[in-house]
Amino acid sequence: MIRIRLTADDLAGIRFAPRPAPLLELNTAFLMMGRPDGGLLFGAWRRRLARSLPATVRPLADLVPAGVAPAFLDVFDDSLAAALDRPRTWRRELVRAELERVYARAPATTPVPTWIRVLHRGDADAWRVLRRGQRAAFEAAVRPVWGVVQDLHQAEFTRYAVSVAERGIGGALGGLVAGARLRGQVWELDAPVEQQVDVAGRGLVLMPTFHWTGHPLVCDLPALPDLPVVVTYPAGPGTPLPPDGAGVAGRGGRGGDGRAGLAEVLGRTRFELLFLLADAYTTSDLARRLGVSNATASAHTAALRGAGLITTVRAGRSVLHQRTALGDLLVRRQEPGTTRQA
């Protein structure tokens, strides 16, 4: 369980990140790549990504010798250039402490690569190795779908703003992800880890991510009191969109071939949603019928809409989704029961 203590001033000052963070999406993509589950949905993506990563990315693995990354990799700048420069702004003693922390978790026989020792000393050459690796990884893993991520982030930003307007801050926090609840001045988030966070006037930023389906992730750096606490939460189904045509489709067009569109709707929940949309439903209605959060339902509808399988129209303060003729055709071509097991 993650418990975040918030004063009245902390609650009033909660901010929602206006734009996605390039290196956050990269980090969560790597997290999804390393998870052992979801082979049916993510297996092909993982294999494709592993093949596409250039050799300059390999040193990044040296920073997580025991599956835990140093905190200076938690970067939330919305500009890639600024994000790539951010780790080097850390004080040298804090960088050293973080490297020592992650290597202390590794087996004693784990060798420390030369470039990590050089980074521990603070040499500029090592920072260049890190920067090159992160840039190359972003270009391979995230750049092909960055336009889609930007669109999904804007949709989630709007959803949260409407939720705050209709339900207040407390209601919006309680409905942000499944298992979230506000008890007095403590915001509780379901997680398989125990973490206690006291915001204490530093500020709290909400940051959705679209490459991660696990529990919320909290970046709490008391050693850097000028930085806010950041809560990263999964706002989509985690299915990385295929690079071929994904950027065009994600912006509402019909670009790319049919295979890209079909790849976007693989998975039980999206097929169930497509079946439901023989009739018009709001995002909230879909979320209730499918037993998922509004954010997850919104991400599913965005992917289906990008593939040309549903349409979305505004109806007052809500939006209504319904299948297109192409969506009807896809449904009719499925054998009874097939989609329930996809």
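Just above, that's the structure.
Here's a quick rundown of the structure. (Residues numbered from 1 in each chain as written. Predicted model: local features only at pLDDT ≥ 70, side-chain atom pairs only at ≥ 80, totals over all residues. Heavy atoms only, no water.)

### Here we look at the packing of aromatic side chains
Inference 1: Tallying each qualifying case throughout the model produces 5 aromatic pairs.
Inference 2: Summarising the aromatic geometry, the rings of F72 and W127 are spaced 6.0 Å apart at their centres and angled 70 degrees between planes, so their arrangement reads as edge-to-face. Highlighted residues: F72 in the loop between α3 (39-52) and α4 (80-85) and W127 in helix α7 (residues 124-141), separated in sequence by 55 residues. Here the two residues F72 and W127 agree in accessibility, since each one is buried.
Inference 3: With centroids separated by 5.7 Å and ring planes inclined at 70 degrees, the aromatic side chains of F138 and W146 adopt a geometry described as edge-to-face. The burial state of F138 is the same as that of W146; both residues are buried.
Inference 4: Through a chain of ring-to-ring contacts, the aromatic side chains of F16, F157 and Y160 assemble into a single cluster.
Inference 5: Over the ring of W212 we find R35; its NZ or CZ atom is 5.1 Å from the centre of that ring. (Phe/Tyr/Trp six-rings, centres within 6.5 Å; stacked < 30°, edge-to-face > 60°. Helix = DSSP H or I, 4+ residues; strand = E, 2+ residues; numbered from the N terminus. Buried < 20%, exposed > 50% of the residue type's maximum accessible area, 1.4 Å probe, protein only. Lys NZ or Arg CZ within 6 Å of the ring centre and 35° of its normal.)

### Details of the pattern of salt bridges
Inference 1: Scanning the entire structure with this criterion turns up 16 salt bridges.
Inference 2: One salt bridge connects R183 with E188, and the closest N-O pair in it is separated by 2.8 Å.
Inference 3: Several salt bridges converge on common partners, so that one network encompasses R3, R181, R183, E188, D190 and E194. (Salt bridge = Lys/Arg side-chain N within 4 Å of Asp/Glu carboxyl O.)

### Quick word on the pairing of strand β1 (residues 2-5)
Inference 1: Side chains I2 and I4 project from β1 onto a buried face, and the interleaved R3 and R5 project onto a face without burial.
Inference 2: Across 4 bridges, the pairing between β1 and strand β4 (residues 186-189) is antiparallel. Bridging across to β4, R5 finds its partner in V186. (Pairing = 2+ DSSP bridges.)

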